[in-house]
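Read off the chains here:
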Amino acid sequence: MMEKNMTLPNPPRSRARAGAIPLKSLRVSRWKERLLAYCFLAPSLIVFGIFLFYPLGKSVYLSLFLTDPQGRIAEFVGTDNFKAILSSDQFCNSLWVTVKYILFTVPTGAAAALLLAALSHQKLRGMKIFRFIFSLPMAVSVGTGSVIWMILYHPTLSILNYGLSFLGIPAIQWLTDPKWALPSIAMMTVWLNLGFNYIVLLSGLQGVPDDLYESAKIDGSGSVRTFFRISLPLISPSLFFVGVVSIISAFQSFAQINILTKGGPMNSTDVLVYNIYQDAFINYRFGSGSAQALILFVLITTLTILQFKFGEKKVHYQ
């Protein structure tokens, strides 16, 4: 039987690469994907451009000018607005009031929400009702909450003073006494933010595995020790988030102060945002107001970066 050496001809190079995508078609495909991505991003970019980027650029522009009583640009002054603000006693007072307001609201709000979350985390009958009640302030707007607390702080019809009278404590002028005005606003803000902080921290507690609690119980660990040694470290990301968001929110507080005290009495509640509002929209000093807004923006950004740089090191991620 004869063996024949049969050799197949080599296929053409073009036929060998018939299944490969041409480079030109690949580039066109990538451009189509990018164009599609930009189309999806376009609505968000337009909204951010109108309500964020344009106002920011306009603030930078106006901060370099003086305006007349009608709010029109009158004179280019460069950085004089910033120098005048940083050397102003009113700005220093507003900054100090803002710092005190943050110290009143942020730690107290986080601690109150953490306490309620820890108490309602227990798997007991009827606990869902308490969870619903504790999260209710989240559904209340700032304006509605301010009106509610205005009634509670009323000089003569105050329910709080009515309760203090049973304890033999004299009535407190909550919103007209310079010593009590800022703590009163802070108390209202803590209640207003309690629902959001409570939901975040309760979600963090519910994310802790039950196996860890069972192991700690077998080892003889009590409830308090288990909370501080297991629960608290594992919900540190939620606590860190609450702290960052609460500080930013405290810097931007305006509505409750405008409704309840309007910066008074004696500028005891004149925080930075309300001071910006007075300069820009009441006195029509848009240059000074824009400069203060940029300073506030730098303060919030710097403080947030420092929180992530130093505070996040103590956060335990699973």
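Per chain, residues are indexed from 1 in the order of the written sequence. Local features in a predicted model are, by the rule used here, given only for residues with pLDDT of at least 70; side-chain atom pairs are given and counted only at 80 or more, and totals for whole chains, interfaces and linings are based on all residues. Derived side-chain values reflect all non-hydrogen atoms in the structure, with water molecules and hydrogen atoms excluded from consideration.

Engineer: Break down the overall build of the chain for me, with residues and values.
Structural biologist: Secondary structure elements are defined from DSSP: runs of H or I of at least 4 residues count as helices, runs of E of at least 2 residues count as strands, and each element is numbered from the N terminus. Helix and strand counts for the chain stand at 14 helices and two strands. Taking 2.2 N^0.38 as the reference for a compact globule, 318 residues should give roughly 20 Å; the C-alpha atoms of the chain span a radius of gyration of 30 Å, well beyond that estimate. We call a residue buried when its accessible area falls under 20% of the maximum for its residue type, exposed when it is over 50%, and partly exposed in between, using a 1.4 Å probe and counting protein chains only. Taken over 318 residues, the chain has a buried fraction of 35%. Pairs of residues are marked as contacts when any of their non-hydrogen atoms sit within 4.5 Å. Long-range pairs, those at least 24 residues apart, make up 67% of the contacts in the chain between residues at least 6 apart in sequence. Restricting the calculation to C-alpha atoms gives the radius of gyration, and the globule rule supplies 2.2 Å times the number of residues raised to the power 0.38.

Engineer: Go over the environment of Leu164 with me, naming the residues and quoting the values.
Structural biologist: Secondary-structure assignment places Leu164 in helix H7 (residues 159-166). It is 41 Å that separates the C-alpha atoms of Leu164 and Phe297, two residues lying 133 residues apart in sequence. Ignoring any residue separated from it by four or fewer positions in sequence, one finds Leu164 in contact with Ile169, Ile172 and Trp174.

Engineer: So what's going on with the packing of aromatic side chains? Residues and values would help.
Structural biologist: For any pair of aromatic rings, the description rests on two quantities: the centre-to-centre distance and the angle between the ring planes. In this analysis, rings of Phe, Tyr and Trp, with Trp reduced to its six-membered ring, are considered paired at centre separations within 6.5 Å, and the interplanar angle assigns stacked below 30 degrees, edge-to-face beyond 60, and tilted for intermediate values. Per the stated rule, a full pass over the model turns up 19 aromatic pairs. Between Phe240 and Phe308 the ring centres are 5.1 Å apart and the planes differ by 90 degrees, which places this aromatic pair in the edge-to-face class. One end of the pair, Phe240, is in helix H11 (residues 236-251); the other, Phe308, is in helix H14 (residues 286-310), and 68 residues separate them in sequence. For Phe240, a relative accessible area of 14% corresponds to the buried category. Cluster of aromatic residues (ring-pair linked, three or more members): Phe254, Tyr274, Tyr277, Phe281, Tyr284 and Phe286. Seen from the ring of Phe310, Lys309 lies directly overhead, with NZ or CZ sitting 6.0 Å from the centre. Whether a charge sits over a ring depends on NZ of Lys or CZ of Arg being within 6 Å of the ring centre and within 35 degrees of the ring normal.

Engineer: Can you lay out empty space enclosed by the protein for me, pointing to particular residues and giving the numbers?
Structural biologist: Whether a set of points on the 1 Å grid over the protein atoms alone is a cavity depends on a 1.4 Å probe fitting there but being unable to get out, while an open set qualifies as a pocket with protein on both sides within 12 Å along at least five of seven lines; lining residues are those with an atom within 4 Å of a point. Grid points are joined across faces, edges and corners, and a volume is the space filled by probe spheres set on the points. Scanning the model with the defined rule gives one cavity of 30 Å³ or more in all. The calculated volume of the largest cavity comes to roughly 80 Å³. The wall of the largest cavity is formed by Tyr101, Thr105, Val106, Gly109, Ala110, Thr189, Val190, Asn193, Asn197, Ser246, Ser249 and Ala250. Those elements giving two or more residues to the lining of the largest cavity turn out to be helix H4 (89-120), helix H8 (178-206) and H11.

Engineer: Before we move on, can you summarise the pairing of strand E2 (residues 73-76) with the specific residues and values?
Structural biologist: As a general feature of sheets, a regular strand has side chains that alternate between the two faces. One ladder, built from three bridges, connects strand E1 (residues 65-67) with E2; its direction is antiparallel. Across the sheet, Leu66 pairs through a bridge with Glu75, a residue of E2. Hairpin geometry of E1 and E2 is characterised by an intervening segment of five residues between the two adjacent antiparallel strands and by a positive phi of about 85 degrees at Gly71. Pairing between strands is defined by DSSP: at least two bridges between the two strands are required.

Engineer: Report on the packing of helix H6 (residues 142-152) against H8, specifying residues and quantitative values.
Structural biologist: Lines fitted to C-alpha atoms define the axes, with helix axes restricted to the stretch in contact, and inter-axis angles between N-to-C directions lie between 0 and 180 degrees. The N-to-C vectors of H6 and H8 enclose an angle of 135 degrees; their axes lie 11 Å apart at closest approach. One finds that H6 runs oblique with respect to H8. Note on packing geometry: the crossing formed by H6 with H8 is right-handed. Within the contact between the two elements, H6 uses Val142, Gly145, Ser146 and Trp149 and H8 uses Met187, Met188, Trp191 and Leu192. Looking at the contact of H6 with H8 residue by residue, the class counts come to six nonpolar, two polar and no charged. Between 65 and 115 degrees an angle is taken as roughly perpendicular, under 35 as roughly parallel, over 145 as roughly antiparallel, and anywhere else as oblique. If you view the pair so one helix is near and one far, a crossing is left-handed when the near helix is turned anticlockwise from the far one by less than a right angle, and right-handed when it is turned clockwise. Each residue receives one of three labels: charged for Asp, Glu, Lys and Arg, nonpolar for Ala, Val, Leu, Ile, Met, Phe, Trp, Tyr, Cys and Pro, and polar for the others, Gly being one of them.

Engineer: Give me the environment of Ile151: which residues, what numbers.
Structural biologist: With respect to the element layout, Ile151 can be found in helix H6. Ile151 sits 29 residues away from Trp180 along the chain, and the two C-alpha atoms are 16 Å apart. Ignoring sequence-local partners within four residues, the contact set of Ile151 consists of Leu157 and Ser158.

Engineer: Hey, could you go over the layout of surface pockets for me, with residue numbers and the actual values?
Structural biologist: The calculated volume of the largest pocket comes to roughly 560 Å³. In this structure, the largest pocket is lined by 17 residues; those nearest its centre are His121, Gln122, Tyr213, Ser223 and Thr226. Those elements giving two or more residues to the lining of the largest pocket turn out to be helix H9 (210-218) and helix H10 (223-234). Among the elements that make up the lining of the largest pocket, the one with the highest residue count is H10 (six residues). If you go around the second largest pocket, you meet 15 residues; those closest to its centre are Ser59, Ile276, Phe281, Gly289 and Ala293. Within the residue set of the lining of the second largest pocket, elements represented by two or more residues are helix H2 (23-62), helix H13 (272-282) and H14. Looking at which element gives the most residues to the lining of the second largest pocket, the answer is H14, with six residues. Here the lining of the second largest pocket is built from residues that sort into ten nonpolar, four polar and one charged.

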